[in-house]
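# Coordinate analysis (summary)
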Amino acid sequence: MAGKMMQAVWYTCYGGGAAGLKHVETPVPAPGNGEILLKVEAASINPVDWKIQKGMMRPILPRKFPYIPLGDVAGEVVEVGVGVKNFKAGDKIITNLGLAGGGMAEYAVAKETSTIQRPSEVSAADGACLGIAACTALQSLTTVGGLKLDKNEPRSNVLVTAASGGVGHYAVQLAKLGNTHVTATCGARNIEFVKSLGADEVLDYKTPEGAALKSPSGQKYDVVVHCATGIPWSTFEPNLAPTGKVIDITPGPSAFWTLAVNTITFSKKKLQPLLATPTAERLECLAKLVKEGKLKTVIDSSYPLSKAEEAWAKSIEGHATGKVVVEP
Ligand SMILES: NC(=O)c1ccc[n+]([C@@H]2O[C@H](COP(=O)([O-])OP(=O)(O)OC[C@H]3O[C@@H](n4cnc5c(N)ncnc54)[C@H](OP(=O)(O)O)[C@@H]3O)[C@@H](O)[C@H]2O)c1
C-alpha cells in the first residue's frame, strides 16, 4: 500500500470539540514488526476519545499532533508486518489500537497482540464497540468485582449506574449471566430499555429515590459498576453490603481521597478506581458471548466518516443509548 492515500479525520491541537475535527487525505500507514494494516469497517467512540482532545490527559496524550482519534475498530486485514503469525490478508478482525489511536480513518495499524478474529456472527459495527466499553464492564464485574458470571456462583447484588450508556448496557447484560440481582439507574426514557437488557429493577436517576441509589426491593449491593459521575461516597455507603465494592470508572480526586480513607480505616466497604485494559483475551471472551447470543451491542447511532463531527458531538452530549459508531 506504499504511496497510497486515504481519507482520515484528525485534530491538530487541544480543544475545539466537533469543530476541531478536520477531514484530510493522508498516506495509508505502514505496518511495522508485529503489526497489521487493516481496512477499517467500523469504529466506535468512547468518552475518553473526546476527553483526550479536551486535554484531560495532557501531556501524555496525544503524544503528537496531528492526531487521528479512536482506538476501538473492526476491519479487514490488508497487509501484515514482519513477524505476524496469526493473521493474513482477508481476515476479519476486532482490535483496540491503544494510545496510538488512528481509527477515524479508512485504514489503521493494529498490534497483532491486541487483535482477534471476528466471528462471522458478529457484525463489524458490533465488534468495533466491544473494546473499551465492554472490556470495562467485564473487568469491573470479574477482575475487580470478583464475579464469575456463572449461574452456580453465590448470589450477588449488583448496581449499575448509567446503565443506558456504552459501558452500562454491557455491564447489565454481563452481570445477568451470573447469579445476580441487578439494580440499574438511567433516565426515565430508558427504563424499559434497561429492563429489556435484564435488569431486575431500574431507578430513574432524576427522582429522589434514584439519586439516593436505594434499591426498591431493599437489596444491599455487593458490587457497583459506577458508570455515572458526580455521586459521592456518602450516597453509596449506606446502600452497600458489609463488604460491598464500588468500582469507579471515572475516578476524580474525591475517589482517590475515599480510597485513602477506606484504606487507613480498614473499611470493608471499598471504592476501587478502574482503568480499562482491552486485551485480546477479554475481546475473545466478549466476541464469543456475542456469537452465542448471550451479549448484544446496542448502537445508538451510526455515521459515515464524512459525518464524523456529528458522531463526535453525539458522544460529547452524553445522552447516547448504547454506542456511537463511525463507518468509513
Ligand atoms: N476507566 C475506564 O477505563 C473507562 C472506560 C470506559 C468509560 N469510562 C468512563 O465512564 C463513563 C461512562 O462511559 P460510557 O461510554 O458508558 O458513556 P456514555 O455512553 O456517553 O453514557 C451516556 C449515558 O449515560 C446516562 N447517564 C448520564 N448521567 C447519568 C446519571 N447520573 N445516572 C444515570 N444515567 C446517566 C445517559 O442517560 P440520559 O441521556 O438519560 O442522561 C446516557 O444514556 C464516562 O465518564 C467515561 O469516560 C471509563
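All values derive from a computational prediction rather than experimental measurement.

About the thresholds
- Residues numbered from 1 in each chain as written.
- Predicted model: local features only at pLDDT ≥ 70, side-chain atom pairs only at ≥ 80, totals over all residues.
- Heavy atoms only, no water.
- Buried < 20%, exposed > 50% of the residue type's maximum accessible area, 1.4 Å probe, protein only.
- Helix = DSSP H or I, 4+ residues; strand = E, 2+ residues; numbered from the N terminus.
- Arc of directions from axis to C-beta.
- Contact = heavy atoms within 4.5 Å.
- Phe/Tyr/Trp six-rings, centres within 6.5 Å; stacked < 30°, edge-to-face > 60°.
- Lys NZ or Arg CZ within 6 Å of the ring centre and 35° of its normal.
- Domains from an automatic or database assignment.
- Buried area = accessible area lost by both parts, 1.4 Å probe.
- Salt bridge = Lys/Arg side-chain N within 4 Å of Asp/Glu carboxyl O.
- Polar contact = N/O pair within 3.5 Å; in protein donor to acceptor, adjacent residues only side chain to side chain.
- Nonpolar A, V, L, I, M, F, W, Y, C, P; charged D, E, K, R; others polar.
- UniProt positions renumbered as here; feature names shortened; annotations may be inferred.

Take helix 1 (residues 47-54) next. Those residues of helix 1 lying buried are Asp 49, Trp 50, Ile 52 and Gln 53. Buried residues of helix 1, viewed axially, fall in a sector of 145°; they line one side. Residues of helix 1 that are buried in the fold lie against strand 3 (35-45) and helix 10 (308-317).

Moving on, we get to the environment of Ile 68. Relative to the assigned elements, Ile 68 resides in the loop between helix 1 and strand 4 (72-80). Sequence separation between Ile 68 and Lys 22 is 46 residues, and the spatial gap between their C-alpha atoms is 9.6 Å. If we ignore the near neighbours within four places in the chain, the residues touching Ile 68 are Met 6, Ala 8, Val 9, Trp 10, Ala 100, Gly 101, Gly 102, Gly 103, Met 104 and Ala 105.

So, on to the packing of aromatic side chains. Two aromatic rings, taken as a pair, are described by how far apart their centres are and by the angle between their planes. Applying the stated rule across the entire model yields 3 aromatic pairs. Judged by centre distance (6.2 Å) and plane angle (55°), the ring pair of Tyr 11 and Phe 65 falls under tilted. Residue Tyr 11 is located in the loop between strand 1 (5-10) and strand 2 (22-27), and its partner Phe 65 is located in the loop between helix 1 and strand 4; the two are separated by 54 residues in the primary sequence. Taken together, the aromatic side chains of Tyr 11, Tyr 14, Phe 65 and Tyr 67 make up a single cluster linked through ring pairs. We note Lys 39 situated over the ring of Tyr 107; from NZ or CZ to the ring centre the distance is 5.4 Å. One Lys or Arg, Arg 58, reaches over the ring of Tyr 14 and ends 4.1 Å from the middle of that ring.

Looking now at the domain arrangement of the protein chain. We note that the domain assignment places domain 1 (5-129 + 297-327) and domain 2 (133-273) within the protein chain. Distance between the C-alpha centres of domain 1 and domain 2: 29 Å. Contacts between the two partners involve 12 residues from domain 1 and, on the opposite side, 12 residues from domain 2. Both faces combined, the contact of domain 1 with domain 2 buries some 780 Å², and carbon together with sulfur accounts for 45% of it. Applying the counting rule to domain 1 against domain 2 returns 0 salt bridges. On the surface where domain 1 and domain 2 come into contact, there are 6 residue pairs in polar contact (both at pLDDT 80 or more). Taken together, the residues that form the side of domain 1 that touches domain 2 break down as 3 nonpolar, 5 polar and 4 charged.

Take the UniProt feature "domain: Enoyl reductase (ER)" (unreviewed entry) in the protein chain next. UniProt records the feature "domain: Enoyl reductase (ER)" (unreviewed entry) at residues 16-326, using the numbering of this structure. The span residues 16-326 carries 28% helix and 27% strand; its end-to-end C-alpha distance comes to 19 Å.

Moving on: the pattern of salt bridges. A pair can form between side chains of opposite charge whenever their charged atoms are brought close. The final tally for this structure, using the stated rule, is 10 salt bridges. Here Lys 92 makes a salt bridge to Glu 76, at a shortest N to O gap of 3.0 Å. Of this pair, Lys 92 sits in strand 5 (residues 92-96) while Glu 76 is found in strand 4, placing the two residues 16 residues apart along the sequence. Its relative accessible area of 30% is what places Lys 92 among the partly exposed residues. Between Glu 292 and Lys 294 there is a salt bridge; the shortest N-O distance is 3.2 Å. A relative accessible area of 38% means that Glu 292 is categorised as partly exposed. Residues joined by salt bridges that share partners form a network here, namely Glu 41, Glu 76, Lys 92 and Arg 118.

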